[in-house]
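# Structural overview
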Amino acid sequence: MAQLHDSGHRAMNEAASTVEQFEREIRRFIHHEARLLDERQFEDWLALFADDSRYWIPGSPGQTDAVTIPSIIYEDRALLRVRISRLMHPRAYAALPTPRTLHVVGNLEILDRDEATDQVRVSSNLLVIEHQEATMRTFAGHCEHILRRSDDSFEIALKRIDLIDCDSVHGIMTAIL
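Heads up: these notes are all about the structure in this document. (Residues numbered from 1 in each chain as written. Predicted model: local features only at pLDDT ≥ 70, side-chain atom pairs only at ≥ 80, totals over all residues. Heavy atoms only, no water.)

## Side note on the overall build of the chain
Secondary structure assignment for the chain yields three helices and six strands. Reading the secondary structure of the chain in the N-to-C direction produces α-α-β-β-α-β-β-β-β. In the chain, buried positions account for 36% of the 177 residues. Restricting the contact set of the chain to residue pairs at least 6 apart, pairs at least 24 apart contribute 56%. (Helix = DSSP H or I, 4+ residues; strand = E, 2+ residues; numbered from the N terminus. Buried < 20%, exposed > 50% of the residue type's maximum accessible area, 1.4 Å probe, protein only. Contact = heavy atoms within 4.5 Å.)

If you want it as structure tokens, here you go:
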């Protein structure tokens, strides 16, 4: 009887260990994405996105439709590539001097995991501080990632950022959130 109890306890510990390992992988991936943005490694950042991915910053609180309701940003991978090339262009005067950013990600939580599609929905809070010349701007919001397993890591299928002041005027966004 004790042997049966020990094997059951061991199985529970192994399952908990697997869940913790998965959560660490997710956390590491999200933090890696933030670091790439802060280091302006935009091509490497873009490589994290799936071919059919979307990057969405809604323009109003609680927005559910990105197509018929105006958004701050709603871009596929191809448009993200254009955004990056514009930001990196030597004559992108809005991005001169080069802005520096600090991405702070917190309250990371796995909301859903679909074993059949190997997708996971992750929620976090995001704070981005952008410094350019003598101006500092702050962007704060709730972030949701839908990630897919890809080889030994993940790829981003959707990144949605709900800014707490999404219905305010933001001016030219020279930083990628």
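From this point on, the discussion continues.
## Describing the pattern of salt bridges
Enumeration over the complete set of coordinates arrives at twelve salt bridges. With a closest N to O distance of 3.5 Å, Arg113 and Glu115 form a salt bridge. For Arg113, a relative accessible area of 43% translates into the label partly exposed. Glu144 is the salt-bridge partner of Arg121, the closest N and O atoms lying 3.3 Å from each other. Residue Arg121 is located in strand S4 (residues 119-132), and its partner Glu144 is located in strand S5 (residues 135-150); the two are separated by 23 residues in the primary sequence. You can call Arg121 partly exposed: its relative accessible area is 27%. For Glu144, a relative accessible area of 16% puts it in the buried group. (Salt bridge = Lys/Arg side-chain N within 4 Å of Asp/Glu carboxyl O.)

## Comments concerning the pairing of strand S6 (residues 153-163)
The buried fraction of S6 amounts to eight of the eleven residues, a majority that puts the element mostly inside the structure. Relative to S6, strand S1 (residues 49-58) runs parallel, the two being bridged by four bridges. When the bridges of S6 are listed, Arg54 appears paired with Leu158. As judged from the ten bridges shared by S5 and S6, these two strands associate in the antiparallel manner. Residue His145 lies in a different strand from S6, and its bridge partner there is Lys159. Where S5 folds back on S6, the antiparallel hairpin that results is connected by two residues, among which Asp151 adopts a positive phi of roughly 55°. (Pairing = 2+ DSSP bridges.)

## A closer look at the sheet that holds strand S2 (residues 71-76)
Overall, mixed pairing links the six strands, which are arranged S2-S1-S6-S5-S4-S3 in an open sheet. Either end of the sheet is taken by a strand with one partner, and the two such strands are S2 and strand S3 (100-114). If you compare each strand with its neighbour and ignore which way they point, the axes differ by 20° on average. Contacting S1 and S2, helix H3 (residues 77-88) crosses the sheet at an angle of about 110° to S2. (Axes fitted to C-alpha atoms, helices over the stretch in contact; angles between N-to-C directions.)

## Some points on the packing of aromatic side chains
Counted according to the given criterion, the structure contains six aromatic pairs. With a centroid separation of 6.0 Å and 70° between ring planes, the pair formed by Phe29 and Phe154 is classed as edge-to-face. Residue Phe29 is found in helix H1 (residues 2-38), and its partner Phe154 is found in strand S6; the two are separated by 125 residues along the sequence. Both residues of the pair, Phe29 and Phe154, belong to the buried class. A cation over a ring is seen here: Arg160 above Trp56, with NZ or CZ 4.2 Å from the ring centre. (Phe/Tyr/Trp six-rings, centres within 6.5 Å; stacked < 30°, edge-to-face > 60°. Lys NZ or Arg CZ within 6 Å of the ring centre and 35° of its normal.)

## Overview of H3
For H3, with twelve residues, the first-to-last C-alpha span of 17 Å sits near the 16 Å given by 1.5 Å per residue. Those residues of H3 that sit buried are Arg77, Leu80, Ile84 and Leu87. Projected down its long axis, H3 carries its buried residues within an arc of 75°, all on one side. H3 presents Ala78 and Arg86 as exposed residues on the side facing more than 90 degrees away from its buried surface. Where the residues of H3 are buried, they touch helix H2 (42-46), S1 and S2. One side-chain oxygen at the N-terminal end of H3 lies 3.2 Å from the backbone nitrogen of Ala78; it belongs to Asp76. (Expected span 1.5 Å × (residues − 1). Arc of directions from axis to C-beta. Polar contact = N/O pair within 3.5 Å; in protein donor to acceptor, adjacent residues only side chain to side chain.)

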